[in-house]
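Spelled out from the first residue to the last, the chains are:
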Amino acid sequence: MTMTSNAGSDLAAVEMVSVTVDGVIIEVPKGTLAIRAAELLGVEIPRFCDHPLLDPVAACRACLIEVEGIPKPQPACAQVVSDGMQIRTQMSSPVAREAQEGVLEFLLLNHPLDCPVCDKGGECPLQNQAMSVGRPESRFDGEKRVFDKPINVSAEILLDRERCVSCARCTRFADQIAGDPMLELLERGAKQQVGTAADQPFDSYFSGNTVQICPVGALTSAAYRFRARPFDLVSVPTTCEHCASGCSLRTDYRRGTVTRRLAWDDPEVNEEWNCDKGRFAFPYLQEGRITSPMIREDGELRPASWPEALDAAARGLAAAGSSTGVLVGGRSTVEDAYAYARFARVALGSDNIDFRVRESSSEEAAFLMSVVAGTSVTTTYESLEQAPIVMTVALEPEDESPIVFLRLRKAARSGRTRIVNVGAVATKGLAKVRGELLAALPGGEARVLQELPADLKSALHQPGAVILVGERIAAVVGGPSAVAALAAETGASLAWVPRRAGERGALDAGALAGLLPGGRQLLDPTARTEVAAAWGIDPDGLPADIGLAGEQLLMAAREGRLAALITGGVELADYPDHELAEAAIVGAGFVVALENHHSAITERADVVFPVAVVTEKSGTFLDWEGRPRPFVQVFRDSLAQSDAMVLGMIATTMERRLGVHDVAGIRRELGVLGPWGGQRSLSPADAAQSAPVTSTPVDGALLRLVAWRALIDSGVMQEGEPFLAATARPVVAAMSARTAASLGHPAAVLVAGPKGSVELPVQVGEVIDGAVIMPLNSPGCSIYRDLGARIGDAVTVRAAESREGGRS
Amino acid sequence: MAISEAVREEMRQLAALYPQSRSALLPMLHLVQSEEGDVTIDGINACADVLGITSAEVTAVSTFYTMYKRQKVGQHHIGVCINTLCGLLGGDAVYAALAERLGTTHDSPSEDSNFWLERIECQAACTHAPVMTVDWEFMDDMTPASAVDVIDRLARGEVVQSTRGPAIRDFAATGRTLAFPNDGLADEGVSVDEKMLAGLRIAKERGMSAPPIPASAAADTTEG
Amino acid sequence: MTLTPVITEHWDSPDLYTLEGYRKFGGYGALVSALKQDPDSIIQVVKDSGLRGRGGAGFPTGMKWGFVPQNDGKPHYLVVNADESEPGACKDIPIMMANPHALVEGVIIASYAIRASHAFIYIRGEVPNAVRKVANAVEQARAAGFVGNNILGTDFSLDIVVHAGAGAYICGEETALLDSLEGYRGQPRLKPPFPAVAGLYASPTVINNVETIANIPYIIERGAAWLRQFGTEKSPGFKVFAVSGHVNRPGIFEAPLGITMRELLDYAGGMRDGRKLKFWIPGGSSVPMLVEEHLDLPLTYEDMAGAGTMLGTGTPMVFDETVSVVKAVTRWLEFYKHESCGKCTPCREGTYWITGMLERFEHGHGHEADVEKIAHVCTQIAGRSFCALGDAAATPYPAALKYFRDEFLAATHTSADEQFDPIASYLFAGATR
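Residues numbered from 1 in each chain as written. Chains lettered and ligands numbered in written order. Predicted model: local features only at pLDDT ≥ 70, side-chain atom pairs only at ≥ 80, totals over all residues.

### Things to note about helix α2 (residues 25-36) of chain B
No. 1: Across its twelve residues, α2 of chain B extends 16 Å between first and last C-alpha, which sits within 8% of the 16 Å expected from 1.5 Å per residue.
No. 2: With respect to burial, α2 of chain B is a largely interior element, twelve of its twelve residues being buried.
No. 3: Here α2 of chain B has its buried residues at L25, L26, P27, M28, L29, H30, L31, V32, Q33, S34, E35 and E36 of chain B.
No. 4: On its buried side, α2 of chain B packs onto α1 (5-16), α3 (41-51), α4 (55-62) and α7 (171-179) of chain B together with β3 (159-164) and α8 (174-181) of chain C.
No. 5: G37 of chain B sits one or two positions beyond α2 of chain B and adopts a positive phi of about 90 degrees. (Helix = DSSP H or I, 4+ residues; strand = E, 2+ residues; numbered from the N terminus. Expected span 1.5 Å × (residues − 1). Buried ≥ 20, exposed ≤ 12 C-beta atoms within 10 Å, placed from the backbone. Contact = placed C-beta atoms within 7 Å.)

### Structural notes on the sheet that holds strand β12 (residues 248-254) of chain A
Backbone hydrogen bonds hold the strands of a sheet together, and the pairing may be parallel or antiparallel.
Residue and element names in this part refer to chain A.
No. 1: Pairing is antiparallel across the open sheet formed by three strands, whose spatial order is β11-β12-β13. Either end of the sheet is taken by a strand with one partner, and the two such strands are β11 (234-239) and β13 (257-263). Within this sheet the neighbouring strands show an average axis-to-axis angle of 30 degrees, counted without direction.
No. 2: Pairing of β12 with β13, which is carried by six bridges, proceeds in the antiparallel orientation. Pairing of L249 across the sheet is with A263, part of β13. (Pairing = 2+ DSSP bridges. Axes fitted to C-alpha atoms, helices over the stretch in contact; angles between N-to-C directions.)

### As for the sheet that holds strand β2 (residues 108-109) of chain B
All names here are of chain B.
No. 1: One open sheet accounts for five strands, arranged β2-β3-β1-β4-β5; its pairing is mixed. Whereas interior strands pair on both sides, the edge strands pair on one side only; in this sheet they are β2 and β5 (137-139).
No. 2: Of the strands in this sheet, β1 (76-81), β3 (115-120) and β4 (132-134) are in contact with helix α5 (residues 84-102), which crosses β1 at around 145 degrees.
No. 3: Packed on one face of the sheet, helix α6 (residues 144-155) meets β1, β3, β4 and β5 and runs near 5 degrees to β4.

### Quick word on the domain arrangement of chain C
Interfaces are often sized by the accessible area lost when the parts come together.
Residue and element names in this part refer to chain C.
No. 1: Domain annotation of chain C identifies domain 1 (19-228), domain 2 (238-320) and domain 3 (325-425).
No. 2: Computed from C-alpha coordinates alone, the two centres of domain 1 and domain 3 are separated by 35 Å.
No. 3: Between domain 1 and domain 3, the residue contacts involve eight residues of the former and nine residues of the latter. (Domains from an automatic or database assignment.)

### Quick word on the interface of chain B and chain C
No. 1: Each partner contributes residues to the interface: chain B has 74 residues there, and chain C has 86 residues.
No. 2: Listing elements by their share of the side of chain B that touches chain C, those giving two or more residues are α2, α4, α5, β5, α7, α8 (198-206) and α9 (215-221) of chain B.
No. 3: Broken down by element, the residue count for the side of chain B that touches chain C peaks at eight residues, all from α5 of chain B.
No. 4: Tallied by class, the residues present in the side of chain B that touches chain C amount to 44 nonpolar, 22 polar and eight charged. (Nonpolar A, V, L, I, M, F, W, Y, C, P; charged D, E, K, R; others polar.)

### Side note on the interface of chain B and chain A
No. 1: The interface of chain B with chain A comprises ten residues on the first partner and 13 residues on the second.
No. 2: Mapped by element, the contributors of at least two residues to the side of chain B that touches chain A are α3 and α4 of chain B.
No. 3: It is α4 of chain B that contributes the most residues to the side of chain B that touches chain A, five residues altogether.
No. 4: Class assignment of the residues belonging to the side of chain B that touches chain A gives a composition of five nonpolar, four polar and one charged.

Set out below in C-alpha cells:
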C-alpha cells in the first residue's frame, strides 16, 4: 500500500545549466526552454502558440529572441537553453524587438477589429499585445480574409475562423492531451483554418479547454458566448463538485449568477485542464432550487418558517432516536459528511449511516475501512505519471474520473507507463491511453485478478506500480478482496477511485456504519476513546454495535424497523434497487430531507430543509488521492445554510450538543483527530461473503450486463445545459462481433431485464463474448429504472424487430 | 457513393507497403479520387476506417494538397502552368483560350462537366514552356491553338498522345497510377525529346565528353 | 567550357529507361562493386568526392550520410526527394523519365552505405510519367535481384517504395516531405531533432535529391578523384543544367560546375530572336535574380554566393527585354502565397500581404509608398519564418527592386501589360490580346 521510495528518486539529480538572459545569469534545469528561463526572471516574451503543457511548434513566431552565435532570431518557445548560452529578449535586443513587432503586425493583418463584441475582449493576449507594443495605425490597406461565422465544431464549441491566428493550441490539445484528434488544421497557407471532418463534430469530453487556451476569441462556448465581459466578472477559485478528480476551478460570476467556470491551474492535480461537465454543468446551481423549509401537512408540502421546520424535525428525530437511518449522498463536503456522521452518533445514538447511494456491498465496506478510509495521500496523479504500470479495475477513467484519464494518457504518451484494464471491453478511452485489455466478464474480475498472467504479476511487483480500482468493484463478489490481496502480494500502490466528489470525504469523515472519522473503527476501544474525547462525550455514548448500511439499511426502513430517515443530497434513482429505496422512504415513519432541489425524496419527506450548493458555502472535497480540495464560498451574501449548519440547528433544537458551528471549527476538529494510526482489524477477505466466482458466457440471448455512468448522461447536476447534453456520446449496446453474430447481426437490439426493456443500436467492438455494454443512466437507457437490472446481471438480448439486418 | 470492399482491400494493400500504415494516406486519397471523381466524405471515412485515424485527420490532409478536389473533376483534368516562366512565355494565352473554349475558370469544371480547368504551378518542364497537362500527362510547348485542338480531339474521343508519356487516358486512370504506379505503361510513348537531348547532341557533334577515370585513381576504385 | 554528359550520356538510347538498356552501358556495375565494399568505405568515397546536394542547398552528401548513427538498433531510411517543384527547376523529372535506373542504382548503393533496408522515392504527384518510369525501374531491378532480400547473395536487403505526392511545393522542404510521407499535412518539422537522428518514423533518415543520388553510381564506379576533375575545389563534379526561357534552344545541358552562364547561353543557342537579356535566375525563383553583368561568373556554389545569389537547383531561367519584372515577381509571389503551408505567421501572412500590394502594381495602381513597404515586409519574413519557404518568398522582390526600381515606380500609374506588351514575350506568334 505504501509508495516505494524509488518513484521520486530522479527528482534529486536535476542537472542545472547556467544561462544569461538580458545580461542576467540564471541557473535552470537542463532542457529548459528559453521562454521559461526568461519567465523565471520576470521577462515575459510574447507568445501565442506556446503552451507549457503542449509540445512546442514554434509556429506563431511571436517569441523570436536573439541567441548569441545563431545568426537568425530563434523562437524562445522551442529553444532549449544550454550551458553558457547568451539570450537577448525584446528587453535588450533591438533585433528581437523588431522581429516580435513584425510578427504582431502580421498577426493583426487579417484579424478583425471586433474586440468590442468579442468574448475574449478584455482578456485577450493578442489584444493586450497589440495595445502594448502594436503600431498605432495599421500599414495594411488590403482586404482582410473573411469567413462565414461562426461555425459549430461541436454542439458546445463555436469557431469564428477570421479571428484565428493558427497557433494550433486547440488542435494540439485535442490530439495530444485529450486524444481526440477531431479538431484539425484544414486547408493551407492563408486559407488555413481550424475545422472538423465534414460529417463528424469535435467529439471530446474535454472540448471546453480549447476555448480557454485559445489566445484569441476564435473559439467560444455556446454556453458563455455573448453572455458577459470579462472585466464585469468576479472570479473565485473553487473546486469542482462533480467527480473525485478534484479539479481546481475558477468560478466567474456577475450579479449573483455564475456565468462560467474555467479550469484553474493546479500542477499536482488537474494541471490546467478540466472536463466539459465540470466546466459547463452548473446551471443546476441556480435553477429549480428549494427556497424555504417545508413541512408536510395533510399529505402536502407547505412552506414553513425555519423555527417551525426545525421544531418538527427535532421532535420527529428525537422520537425515533437510534432507530434512525442517515443517508448521505456522495456529493457532500467533508465538513457536511462529518456533521452527518457526528449527528447520527451523538444526536441520534445511531450507527445506521451510509454515503453510498449506488451499488454497494458489505465486502466493499470492509475493503474501504481496512485499506482506504483515513489513509494518507500516497498514490497521486504524479504516481500515475511515474508508474511503470497502472492497472485499472472496474473503472473507466474517461467517464468516471476524467482527469485520471488525462494523466494516464500523459503517462502513456511519455512511453514510461504500461496501462492494463481488467474489464469487459476495450473502450476508445483505453485506446487513448494505449492500454491493454485483460478481459473479464462482469463478476469474473476477482478470478482474473487471482489468476493474473505471470508477466503482469511481475510487472506489478515493480516499484511504483499502481492499481486503481473503481467503485463498481462493489458489484463484484470477491472483487474488493481480490484487489486488496493483489496489492498486498505485489506491493503495488492501491487507490480507490470513486466517482463522486464527496465519497472519499464521507468515508474519511466516518459517514459509514462501523466507521468513525479518520478511518477509526467503531468497535475499537482506542478509536472510541479518541473520538469521544474530541466530541466531548463519554465513549459509552457512542453506539455500541455496528449499525446498518447499504441495502440492509434500506430494507430495515422499508420494513418499518427504522422509525426515521435523514437524507442529504440523495437521488433515489441512483440506488440499483430504487423501488427498495422508495419503499424505504415510505416505510420509515418520519423522513427529514436536506436537499437543494426537489426530488423523489422531497415528494415523500415530512420535513424538507433547503441547503446550500457549493457556491453558497465553503468546504472541502477529498479527491481520489485523499488530497483535500478546499474551496471558499463564492456568493458571500448567500443566506443558504450548509448541511452541517442545518444539522447543528436541528441538534440544538433537540437540545443535543453537536458542536459543528462552522467550517473552520470542523476542520480544526478533524485536524485534531487526525487519521487513525492504530490497527485495522478487518481485512476485506474476512468480509467476502463467498469465494470468488467466475462468470461464464451465458448461452443464447442471455448476456452479462456491463454498465457505468457516462460522463455526460442523465445526471441531475447536468440539468439545464442543453449544449453540453448534446455532446453526450451515442447511447448504444456494445458487444463483440461473435455475440452480434449469434444474435443475427442485428442493427439494434432489445435488451430486457426483470422490469422492462430498452431498444438500442448495436455497436460491435472489442468486447468479451457474452457481454453487452450499455450506459447506466443516459437518455433512453437507464439500467436500473428501465430494466430493473444490475451490473453483472444476465439480461435478455434479441434483435429489435423495428430495425433488421446489417448496420444502418 | 460508398467505397466498395474491393477498394477497401486495395487501400489495405497500400497500407501494407509502409512500416506505418498512415504513410499510405496520400496514395489512398488518389485512389479515392480515381474511384469517386473527387475526394468524397465516403472516401475520407473509408481512409479513416482503414487506417484507424479520425475523419478529421484525413480531412486535414486532403484539404492541404492541391491535387485533391472536392467537386467531380469530370473525364479530364486540364492544367495550364501559369507560373512566371510558362505564363509569361505564353501560358497565360493558352489558359485564356482554354477558359473560353471550356466556358469555365480556374479550378472549376467545364460547362459540360467533362473537363476541369486549373491554373497550375511550375510543372518542372520549364524547358518545354508553355506547358499544359492533361490528366497530369505532359503536353509540352503549347500554343493557344494547339491547346484548344487537344481539347477538341479529346472531346471527340480521339486518341491524344502525351508529348512525353503515354496516350491520354482519363483523370480516373491517372489517380489509379498515382496509387499504384506500376500501371504497365512505362513503355508507351516517348519520354525523352530533343530538348532533353539538347546538350548531348552538341556534345556528340563536337566530340565533347566527360573525362576518363584518372590513371592514378583507377587502381583505387577497381579494387572492389 | 566543354559539356560533359554523364547522367545524360546515353539519353539518346531509346531503351535506356529499361534494365537491359541501362545495363548495356554498364549499369548496376557500381552496385556490384559497392556491395563488395564496406558501407563505411562507400560513405568515405562520397565524402572524398566532395559531392554536394543538388536539391538547392548544396550540403555535402557524404557528410550527411556520415551523420546517421550506426549500431543504434533503429531502422534507417533513405528518402529521395523527387518533389521537384521549384519554379524554374526541371532537371530531376527529366532524369527520372530518361534514366530512372541511375536513380534506382544510386538508391540501392546509398541505402547500403547508410544501412537502410527501406527506401522511399517521393515523387511529386503532378508528374505521373516520372512516377511510372521510376516504379517500372524499381520493379525491373527487383526482378533482377537488385532490390529485395539478400541482394546479389549478400546480407543486404532493401525494399524501395515509389510514393506519389499530391501537390504541395512545401513538400520539397525535407522535413515537410517526411511529414507528408508519413501521411500528414506537409508542414515542416521543428529541428532539432534533425532527420539524420530522428527523421522518418522518428528513425535516422537521409534525404537526398534525385540528381544527387543519380550521381552516386558514377562516383562509385569511377571514383572520387574522377569526380573532382570536374568543377572547383568547393563545387566538385558535374551538373545537369536546364536552361529555359527566352533562348533559342532551351534544354538540358550537362556540364562541369564552374561553367558560366554566357557559355550555357551559347550552348542554348543564344537569346531568342537576338533580343537583349533582361535578367536571369541561376537556380529557381527562390534565389535572387542576376543580370547581364553576371554572365561570366562561374556557376558554382561559392561564386553564386559571392554575387549575392545561390546556385540553387542549377536550372537557369532566362528572360529577355520583353518581360515585365513587375509581372514576373508578382506571379512568383502569388506562387509563394499559394504554396505557403500556413504553419508560421510571417510566411502565411507576409505572402498574403505582399501579393496584394504587388497585384496593385501589376495592374498599374501600385502605391508609391509600397515600393519600400514591400521591401520592409520582406525583411520581416526573411530569417523569421519557420522554414526556407518564407526566405524564398522574400527573395524575388528585393532583387528585382535592386535592378528595376523604375519599373515598379512606373507601375504606380501604368500597368505591367501597358509597360510591356505580354504578346511580345510569348514564344509563339499570332496571339491577340
